[in-house]
Amino acid sequence: MYNCPDSITDSQGRVGSVSLFKLAAAFVVLFLLTSGIVNATDRTGYYGLGTPASPEEIRGWDIDIRPDGKGLPEGQGSVEDGEFLYEQQCAECHGSFGEGVGRFPVLAGGEGTLTDSRPSKTIGSYWAHTSTLWDYIRRTMPFTAPESLTSDEVYAVTAYVLYLNDLIEDDFVLSRDNFTSIELPNNLNFIPDQRPDVANGRCMQDCKDPASIRIVSSVMPVVRAVATPVIDNRAAQAAGEKIYGQYCSLCHKSGMGGAPIVGEVSDWQDREAGGMVALKKRAIDGYTGQYGFMPPKGGFTHLTDQEIEEVVEYMVDSSQ
Amino acid sequence: MKHDATPENAKSVKVSAGNDRRSFMLAGLGLAGGAAAGSMGLLADAKAGSNLPPDVPIWTKSLGSGVVAHPYGQPSRYEAQVERRTVDWLTADRMASISFTPLADLKGIITPSGLVFERYHSGLPEIDPGQHRLMIHGMVKQPLLLTMDDLMRMPSVSVIRFLECPANGGMEWRGAQMTGVQFTHGMLACCEWTGVLLSTLLEEVGFSRDASWILAEGADGAHMSRSIPMEKALDDTLVVYAQNGEALRPEQGYPLRLINPGWEGNTCIKWLRRLEIGDKPWYQREETSKYTDLMPDGKAREFTFVQECNSVITSPSPEKPLKGKGKYWIEGLAWSGRGKIKHVDVSLDGGISWREAGITSIVLPRALTRFGLEFDWDGSPALLQSRAVDETGYVQPTYQQLRDVRGTNSIYHKNAIHTWNLQPGGTVANVQLS
């Protein structure tokens, strides 16, 4: 390219046909650069690593949907079909009316609450795009079995959730063709980032009136040495099992150091004969004697006495 | 247990000697002096004082365990309290939840890999790196599938950058609510990240000049996804496979993740499996329903990527109370998604007067920076605050300043000056001031 101007106005001032050709070529390159067809410094395939991704391979993973409908597959689903699927696969967490169970997300309601002190941000009250709903249901719902729904099922569940938000009628059938006609009510209320939006100064002295300083909220620290709260037997069993797996199984699976093996009934009979209280005490204080040795709490002294008691119960229960 | 347990133990080995399995194992332990001596150490240190001068500590008078007792290695068992913790009431379950980095116990600016906060949306996937692929497609000349081996053959770069969840501190918009610095600021970490510049990969596939956004997607059940602007991707975004010198931890995206330095941790997609090049954002759930900042007028800001300048005192803190009058070292962390930390000021009187703290670590852009200040405590109550200034001149704001603009429902990007109330007994409480 750099040669082109020299060619067209060379030392003799001639403008030859070859030079004109070069000029034309330069314009073509310039066009390709600005049009995006060719990169300024095209290094495509420079490393030659990886393998070409085939259309079929891409189809298997390319699951995203854009607000303009790009990515939506063929298919359709009715509110009616959606209700059946929703009750079966969604209501356990989200509630039959999209009200949310426990801390699982609320899906419906909340219109007009965005300026309240406790806004309810649902699909109807907050979300911006129908495509996000379709995309998200296919992407990761139901929670325990992501990407398990067919396209028709995703259309149906999407339709039902829109219906729960009073955005479509109960006889609606959602499809790729009518998808982009449904707009969510809050979609015009999103604005770009405006930060930095505050300007503090770097005052060093007399920055505040001492009389103005008041503690308006306060949380005391947690003292970590306190025992874990009382929990029911089933939870204790689960806690014991977890502690066993994490800390105790190394010795109590193999018999290392003379440790009684969990599941070996005979290993535990003598020890249980002394009573559970004594057994738990030995586990907490440590033991050296006839059977072998065990450091206090197996060496994991950060475990609470209660945790040790729970794990002893678990091990004994598992060795009957 | 008694210090002089050795003869008893030796005797027990003799008494029980026989040809059954247990005796054999015990005898084996007796012979393996290291293991036995180790256990003696455990038994002995229950007896307070015996390891202090003029007595010689038991660990000085015995053999320790041998090499590869822990082939990977682990912290001292006396550090067992230094661990990630969660707050169960924050989320519906532990598969879509968060745990917090124990900031009060950390030193320097690097967060050990095993202590980096966790954030999952569908639990922790266990990925076989041999079967992991990175797909790059969309507005490119040559869509590619890359193996981990392919990525390791490309030019490699290492940077130290912080990683912060944009919800860090979000529970405190309305008032003090969390019990310690682990929970007020612990969705925060800083690691050395090693990988390939995303720009290198984009050149390799020949991205279109018309492309302006990239969708990054994870291989977890959430297929966690965010739209990333092309300017960032071509600037400093990394596709990383290593953290603090070793392969990424599973919790941090093993075998591959994105790092967008200085930006919302949520954009740094873990278990990265796919990059799609396009010309518009995708408006995924995590950039519309979540990670948008609701303002008092009902409008919401979207694509609020940058983590603004922030700081916190990590000691004293609720986890690090003071033990009587005298000299102490106040220390803490400062960071900014816009670049380097320039100054950190500390107040002992709730913001009436400030003193500039010393910077005690290396200062890197978009990395944690440690500050410190000598403190002679006379036992009187104090309101401790830190205030960071970054290289753009931005000064960390007060709660009042943030709330005046953003109200209390924006959840994300809370970077207000934080206050600890040091009480006469040395206890430190999390407080907010009028």
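Placed above this text is the structure.
Everything in this summary refers to the structure shown in the same document. Small disclaimer: the values here were computed from a predicted structure and weren't measured. (Residues numbered from 1 in each chain as written. Chains lettered and ligands numbered in written order. Predicted model: local features only at pLDDT ≥ 70, side-chain atom pairs only at ≥ 80, totals over all residues. Heavy atoms only, no water.)

1. Looking at the side chain of R139(A)
Position of R139(A) relative to the elements: it lies in helix α6 (residues 130-140). Reaching out from R139(A), the side chain makes a polar contact with the side chain of S225(B) at a distance of 3.4 Å. If near-sequence neighbours (up to four positions away) are discounted, R139(A) is found in contact with I63(A), D64(A), P146(A), E147(A), L215(B), E217(B), G221(B), A222(B), H223(B), S225(B) and Q284(B). (Helix = DSSP H or I, 4+ residues; strand = E, 2+ residues; numbered from the N terminus. Polar contact = N/O pair within 3.5 Å; in protein donor to acceptor, adjacent residues only side chain to side chain. Contact = heavy atoms within 4.5 Å.)

2. Digging into the pattern of salt bridges
Considering all chains together, one arrives at 40 salt bridges over all chains under this definition. E313(A) is paired through a salt bridge with K280(A); the nearest N and O atoms lie 2.6 Å apart. Of the two residues, E313(A) sits in helix α11 (residues 305-317) while K280(A) sits in helix α10 (residues 276-285), which places them 33 residues apart along the sequence. Since its relative accessible area comes to 32%, E313(A) is described here as partly exposed. K280(A) gets classed as buried once you look at its relative accessible area, which sits at 14%. Measuring nitrogen to oxygen at the nearest pair gives 2.8 Å for the salt bridge that ties E251(B) to R84(B). Residue E251(B) is found in the loop between β10 (246-247) and β11 (257-259), and its partner R84(B) is found in the loop between α3 (33-44) and β1 (85-86); the two are separated by 167 residues along the sequence. We classify E251(B) as buried; its relative accessible area is 16%. Residue classification places R84(B) among the buried residues on the basis of a relative accessible area of 19%. Where salt bridges share partners, they join D62(A), D64(A), K70(A), D135(A), R139(A), E217(B), R273(B), R274(B) and E276(B) into one cluster. (Salt bridge = Lys/Arg side-chain N within 4 Å of Asp/Glu carboxyl O. Buried < 20%, exposed > 50% of the residue type's maximum accessible area, 1.4 Å probe, protein only.)

3. Considering α10(A)
Residue and element names in this part refer to chain A. Inspection of α10 places L279, K280, A283 and I284 among the buried residues, and these make up the whole buried set. Each buried residue of α10 sits inside an arc of 135° when the element is viewed along its axis, so together they form one side. Among the exposed residues of α10, those pointing more than 90 degrees away from its buried face are V277 and K281. Summarising the contacts, the buried residues of α10 are in contact with α9 (265-273), β7 (292-294) and α11. At the C-terminal side of α10, G286 shows a positive phi close to 95°. (Arc of directions from axis to C-beta.)

4. A look at the interface of chain A and chain B
Facing 109 residues of chain A, the contacting portion of chain B comprises 126 residues. If you sort the residues of chain A by the area they bury against chain B, L49(A), W61(A) and R195(A) come out on top, with a joint share of 9%. Linking chain A to chain B there are 13 salt bridges. Between R195(A) and E308(B) there is a salt bridge, with the nearest N and O atoms lying 3.9 Å from each other. Seen at the junction of chain A and chain B, the total is 58 residue pairs in polar contact (both at pLDDT 80 or more). (Buried area = accessible area lost by both parts, 1.4 Å probe.)

5. Details of the pairing of strand β22 (residues 419-422) of chain B
Residue and element names in this part refer to chain B. With burial as the criterion, each face of β22 is covered, one bearing T419 and N421 and the other bearing W420 and L422. Where strand β21 (residues 382-390) meets β22, four bridges bridge the pair, whose relative direction is antiparallel. Paired with L384 across the strands is W420, a residue of β22. In terms of strand pairing, β22 meets strand β23 (residues 428-433) through four bridges, oriented antiparallel. Looking across to β23, one finds that T419 is bridged to V431. Linking two consecutive strands that pair antiparallel, namely β22 and β23, is a turn of five residues; a positive phi of about 105° is found at G426 within it. (Pairing = 2+ DSSP bridges.)

6. Examining the sheet that holds strand β3 (residues 134-138) of chain B
Pairing is mixed in the open sheet, where six strands are placed in the order β1(A)-β4(B)-β3(B)-β12(B)-β7(B)-β8(B). The open sheet terminates on both sides in strands that have one partner only, identified here as β1 (51-52) of chain A together with β8 (225-229) of chain B.

7. Here we look at the packing of α6(A) against helix α7 (residues 151-164) of chain A
Residue and element names in this part refer to chain A. The contact between α6 and α7 brings their axes to 9 Å, and the two run at 130°. It follows that α6 is oblique to α7 by the angle criterion. α6 and α7 meet at a crossing whose hand is right-handed. Of the residues in α7, those in contact with T130, L133, W134, I137 and R138 of α6 are S151, V154, Y155, V157, T158, V161 and L162. (Axes fitted to C-alpha atoms, helices over the stretch in contact; angles between N-to-C directions. Parallel < 35°, antiparallel > 145°, perpendicular 65-115°, else oblique. Left-handed = near helix turned anticlockwise from the far one by under 90°.)

8. Overview of the packing of aromatic side chains
Scanning all chains against the criterion turns up 15 aromatic pairs over all chains. When the centroid spacing of 5.1 Å and the interplanar angle of 65° are considered together, the rings of W134(A) and Y155(A) count as edge-to-face. With W134(A) in helix α6 and Y155(A) in helix α7, this pair connects stretches of sequence that are 21 residues apart. Judged by relative accessible area, Y155(A) falls into the buried class, the value being 0%. Centroid distance Y244(A) to Y314(A): 5.6 Å. Interplanar angle 50°. Geometry classified as tilted. Here Y244(A) is found in helix α8 (residues 233-252), whereas its partner Y314(A) is found in helix α11, with 70 residues between them in sequence. Taken individually, Y244(A) and Y314(A) each receive the classification buried, so the pair is uniform in this respect. Just above the ring of Y46(A) sits the side chain of R43(A); from NZ or CZ to the centre is 4.3 Å. Positioned above the aromatic ring of Y394(B) is the side chain of R338(B), whose terminal nitrogen or guanidinium carbon lies 5.7 Å from the ring centre. (Phe/Tyr/Trp six-rings, centres within 6.5 Å; stacked < 30°, edge-to-face > 60°. Lys NZ or Arg CZ within 6 Å of the ring centre and 35° of its normal.)

9. Topic: the sheet that holds β22(B)
Reading across from one edge, β5(A)-β23(B)-β22(B)-β21(B)-β17(B)-β18(B) is the order of the six strands in this open sheet, with antiparallel pairing throughout. At either end of the open sheet lies a strand with only one pairing partner, and these are β5 (215-219) of chain A together with β18 (355-356) of chain B. Sheet topology places strand β17 (residues 341-347) of chain B next to β21(B); six bridges connect them, and they run antiparallel. Considered in β21(B), the bridge of V344(B) is made with A388(B).

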